[in-house]
Amino acid sequence: MNNNLKDHRQIGQELDLFVVSERVGGGLPLFTPKGTIIRKVIHDFIEQLQKEFGYSDVWIPHLAKAELYKLSGHLEKYPEYFKVKSSIGDEFVLKPMDCPHHMEIFRAKPRSYKDLPIAYNEFTTNYRDEQSGELNGLLRVRALTIDDCHIFCREDQILEEARKVYKTIVSFYKAFNFEISVRLSFKDPKNKEKYIGLDKTWEKAENAIRELAKDVEFEKRDGIGEAAFYGPKLDFMIKDVLEREWQLATIQLDYFIPERLGVEYVDSDGSKKTPVVIHRAIAGSIERFIGILIEQYQGAFLTWLSPVQVIIVPISDRNLKYARNVFDQLLTSKIRVEIDSRAETMQSKIRDATLQKIPYILIIGGREEKEGKVAIRTREGKDLGTQKIDEFIAKVKSEIESKI
Ligand SMILES: [Zn+2]
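Residues numbered from 1 in each chain as written. Predicted model: local features only at pLDDT ≥ 70, side-chain atom pairs only at ≥ 80, totals over all residues. Heavy atoms only, no water.

The name given to the protein in an unreviewed UniProt entry is Threonine--tRNA ligase. You can read under Catalytic activity (unreviewed entry) in the UniProt record for the protein the words "tRNA(Thr) + L-threonine + ATP = L-threonyl-tRNA(Thr) + AMP + diphosphate + H(+)". (UniProt positions renumbered as here; feature names shortened; annotations may be inferred.)

(A) Looking closely at the coordination of the zinc ion. Only Cys-99 (SG), His-150 (NE2) and His-279 (ND1) from the protein coordinate the zinc ion, and they sit 2.1 to 2.4 Å from it. Spacing between the donor residues of the zinc ion along their common chain follows C-x50-H-x128-H. Here Cys-99 is found in helix H5 (residues 99–107), whereas its partner His-150 is found in strand E8 (residues 143–153), with 51 residues between them in sequence. (Donors = N, O, S within 2.8 Å, 3.2 Å for Na, K, Ca; no water. Helix = DSSP H or I, 4+ residues; strand = E, 2+ residues; numbered from the N terminus.)

(B) Geometry of the sheet that holds strand E19 (residues 373–378). With mixed pairing, five strands are arranged side by side in an open sheet as E17-E16-E18-E19-E20. With partners counted over all chains shown, the strands left at the sheet margins are strand E17 (337–339) and strand E20 (383–388), one partner each. Put simply, the sheet's adjacent strands are angled 25° from each other on average, direction ignored. Sheet analysis places strand E16 (residues 310–314) next to strand E18 (residues 360–364), joined by five bridges and oriented parallel. Pairing of Ile-311 across the sheet is with Ile-361, part of E18. Against the sheet, helix H10 (residues 320–332) contacts E16, E17, E18 and E19, and its axis sits at roughly 170° relative to E17. (Pairing = 2+ DSSP bridges. Axes fitted to C-alpha atoms, helices over the stretch in contact; angles between N-to-C directions. Contact = heavy atoms within 4.5 Å.)

(C) Summary view of helix H13 (residues 389–401). Its 13 residues give H13 an end-to-end C-alpha distance of 18 Å, which sits within 8% of 18 Å, the value for a rise of 1.5 Å per residue. Within the sequence span of H13, burial applies to Ile-389, Phe-392, Ile-393, Val-396 and Glu-399. On an axial view of H13, the arc spanned by its buried residues comes to 125°, and they lie on one face. Those residues of H13 that are exposed and angled more than 90 degrees off the buried face are Asp-390 and Glu-401. Check the buried side of H13 and you find it contacts E16, H10, E18, E19 and E20. Remark: Lys-403 follows H13 within two positions and exhibits a positive phi of approximately 55°. (Expected span 1.5 Å × (residues − 1). Buried < 20%, exposed > 50% of the residue type's maximum accessible area, 1.4 Å probe, protein only. Arc of directions from axis to C-beta.)

(D) Just the packing of aromatic side chains, in detail. Within this structure, the stated rule accounts for 23 aromatic pairs. Here the aromatic rings of Tyr-173 and Phe-178 are separated by 6.3 Å at their centres, their planes lie at 55°, and the arrangement is tilted. Its relative accessible area of 1% is what places Tyr-173 among the buried residues. One aromatic cluster is present, built from ring pairs that chain together Phe-45, Phe-172, Tyr-173, Phe-176, Phe-178, Phe-289 and Trp-304. Directly above the ring of Phe-106 sits Arg-111, whose terminal nitrogen or CZ lies 4.9 Å from the centroid. (Phe/Tyr/Trp six-rings, centres within 6.5 Å; stacked < 30°, edge-to-face > 60°. Lys NZ or Arg CZ within 6 Å of the ring centre and 35° of its normal.)

(E) Structural context of the layout of surface pockets. The calculated volume of the largest pocket comes to roughly 1,100 Å³. The wall of the largest pocket is formed by 38 residues, among which Tyr-78, Met-97, Arg-128, Gln-247 and Arg-288 lie closest to the centre. Listing elements by their share of the lining of the largest pocket, those giving two or more residues are E8, strand E12 (245–254) and strand E15 (276–285). Taken together, the residues that form the lining of the largest pocket break down as 16 nonpolar, nine polar and 13 charged. By volume, the second largest pocket amounts to about 310 Å³. Lining the second largest pocket are 13 residues, with Val-41, Asp-44, Trp-304, Arg-336 and Ile-400 positioned closest to its centre. Here the element with the most residues in the lining of the second largest pocket is helix H2 (residues 33–50); it accounts for six residues. In terms of residue class, the lining of the second largest pocket is made up of five nonpolar, two polar and six charged. (1 Å grid on protein atoms, 1.4 Å probe; cavity = no way out; pocket = protein on both sides within 12 Å on 5 of 7 lines; lining within 4 Å. Points joined across faces, edges and corners; volume = space filled by probe spheres on them. Nonpolar A, V, L, I, M, F, W, Y, C, P; charged D, E, K, R; others polar.)

(F) Broad picture of the state of the cysteines. Under the criterion given, the structure shown has zero disulfides. The thiol of Cys-149 is not disulfide-bonded; the next cysteine sulfur, from Cys-153, is found 11 Å away. (Disulfide = S-S within 2.5 Å.)

(G) Looking closely at the pairing of E16. For E16, the buried fraction is high: five of the five residues fall into the buried class. Both faces of E16 are covered, namely the face carrying Val-310, Ile-312 and Pro-314 and the face carrying Ile-311 and Val-313. Across three bridges, the pairing between E16 and E17 is parallel. Following the sheet pairing, Ile-312 is matched in E17 by Ile-339. A crossover links E16 with its parallel partner E17, the connecting element being H10, and its sense is right-handed. (Right-handed = clockwise from strand over helix to strand, strands pointing away.)

Below, the structure is given as structure tokens:
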């Protein structure tokens, strides 16, 4: 283990990515403009990977009657709720999960077997009443945003739908160079009070997870007692730079909550059936994922992820006009760019850009201006010489597209 590694909270402050304000409260990080760019890039990447699957976006409020979670079974199994009382005494909770809400959208009209699969997709924040001693920057928070999706399907559609999710997970984690292992999370037969539903149905669901796991190309292991209370799951684990293991992506099979909430469709023979719901997340908690990424890269994000991809350093005010022209061209090419026009020396501007871990530093003086070029340096201190602007733009754009 490398002892020189910095904590994500320190890097987050140095690079101006997020803020924890005691006035707002512990475990409730606030994302700055730069941190929000990283959230958005991750969000857009997930959307791009799953676009072909035809999921539908939905939106739900963050508050619900406590009764909803009593019905779903969550209230009994998860005690760490934020309870909220209305002025006439009705009991509400800040939502700890999204499943019951999405199921209510499904339940709102009659569904036929021909309508399935139906998938509801949403980036949305959940709330957990964690003890303040357990909070840790972005890694353990009270407000966590999940890239959540619930896929309602018939039993004969489970494998096909789960394989699509698996494909998305593989493409996603490869782009971050994370090493994945997979846990088949089953229930603990000795600890029955932790789970809902019949043994026979659990067996069916666990067999489907084993079937799906046959496709998995990573190291696999069984995790007895690691299932959700409503069903078994495939959990995707990664090891970070500190050798800590995190469960991030997940594919969960649920035969029980839909039944408890009366979620139904009409089958081909006219009978009413309960769909199976696949609960899935790719990044898991976006906050935790970003915390791990910050530590993994020590703030030096790959170009496609960097909040600022290029910074322009004009040597003197005389070069400012040309520098602005270069800035506009990069901006038009959708490259995230800044210009450092402070009255500092060139050396100190380069040093600051390096400390900010900006992948490319463009130095612009009289010669570059005359030749219509830019002098390029990397944050690692490498001098890449001069290049025509359009050549440089093409290089950065291709890095962004290939997620380098
Ligand atoms: Zn769910």
